Amino acid sequence: MIIFGDDGFRDKAEKGLLSHLFLKKIFKSLNFILSLKKINNVVIGYDTRSSRKYIIDIIIKNLISVKKIEILKTPISTPGLQYISKKRKTFGIMVTASHFPHNYNGFKFFFLGNKINKSFEKLIQEKLDTCTIIKKNNTKVVKINDNSYFRYVNAKFNFS
């Protein structure tokens, strides 16, 4: 099964690649890789689709290998989350389906502001059914305000 397309993956909310069972597998695999790469912090951004709540809840319950999950308090664009991932020197998960219909949602993943590469995607996919469960290490979940991207854009185009 091919999971990743050109830019993350998408499906109908709560179906297929976004079913509860499949998302548990994805985050079990991602836990393994984040531990392997010693990534301790994740920032989560999202668009305005209502299914984001369902997805973020699954992320919080299943992304257990990191010390901290920071969830933006307000929706943000994908470039905005990419900027924040770079600025904070961390892993970013964008919950979005971009231009797909409203009943879809999906993911884009960033590390240090860059889309994860094909080898990272391949490793996630390879570990879907083979990695072992990682014990919970008391991941702290916090909601944050980060307006750095908006300030950057305003300064760049002299809107301030």
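Details of the structure are given in the entry above.
If you're wondering where the values come from, they're calculated on a predicted model, not measured in any experiment.

**What to know about the pairing of strand β3 (residues 68-72)**
- Burial analysis of β3 places four of its five residues in the buried class, the great majority of the element.
- Where strand β2 (residues 41-46) and β3 come together, four bridges link them in parallel fashion. Across the sheet, residue Val 43 finds its bridge partner in β3, namely Glu 70.
- In this region the chain leaves β2, passes through helix α2 (residues 52-62) and returns to the parallel neighbour β3; the handedness of that crossover is right-handed.
- Bridge count between β3 and strand β7 (residues 140-144): five bridges; the pairing is parallel.

**Brief notes about the layout of surface pockets**
- Estimates place the volume of the largest pocket at around 160 Å³.
- Around the largest pocket, the lining residues are Tyr 46, Arg 52, Lys 53, Ile 56, Ile 71, Leu 72, Lys 73 and Lys 143.
- Mapped onto the lining of the largest pocket, the elements with two or more residues apiece are α2 and β3.
- Per element, the largest residue contribution to the lining of the largest pocket is three residues, and it comes from α2.

Basis of the calculations
Residues numbered from 1 in each chain as written. Predicted model: local features only at pLDDT ≥ 70, side-chain atom pairs only at ≥ 80, totals over all residues. Heavy atoms only, no water. Buried < 20%, exposed > 50% of the residue type's maximum accessible area, 1.4 Å probe, protein only. Helix = DSSP H or I, 4+ residues; strand = E, 2+ residues; numbered from the N terminus. Pairing = 2+ DSSP bridges. Right-handed = clockwise from strand over helix to strand, strands pointing away. 1 Å grid on protein atoms, 1.4 Å probe; cavity = no way out; pocket = protein on both sides within 12 Å on 5 of 7 lines; lining within 4 Å. Points joined across faces, edges and corners; volume = space filled by probe spheres on them.

It is worth stressing that arrangement in space is one thing and function is another; only the former is reported here.
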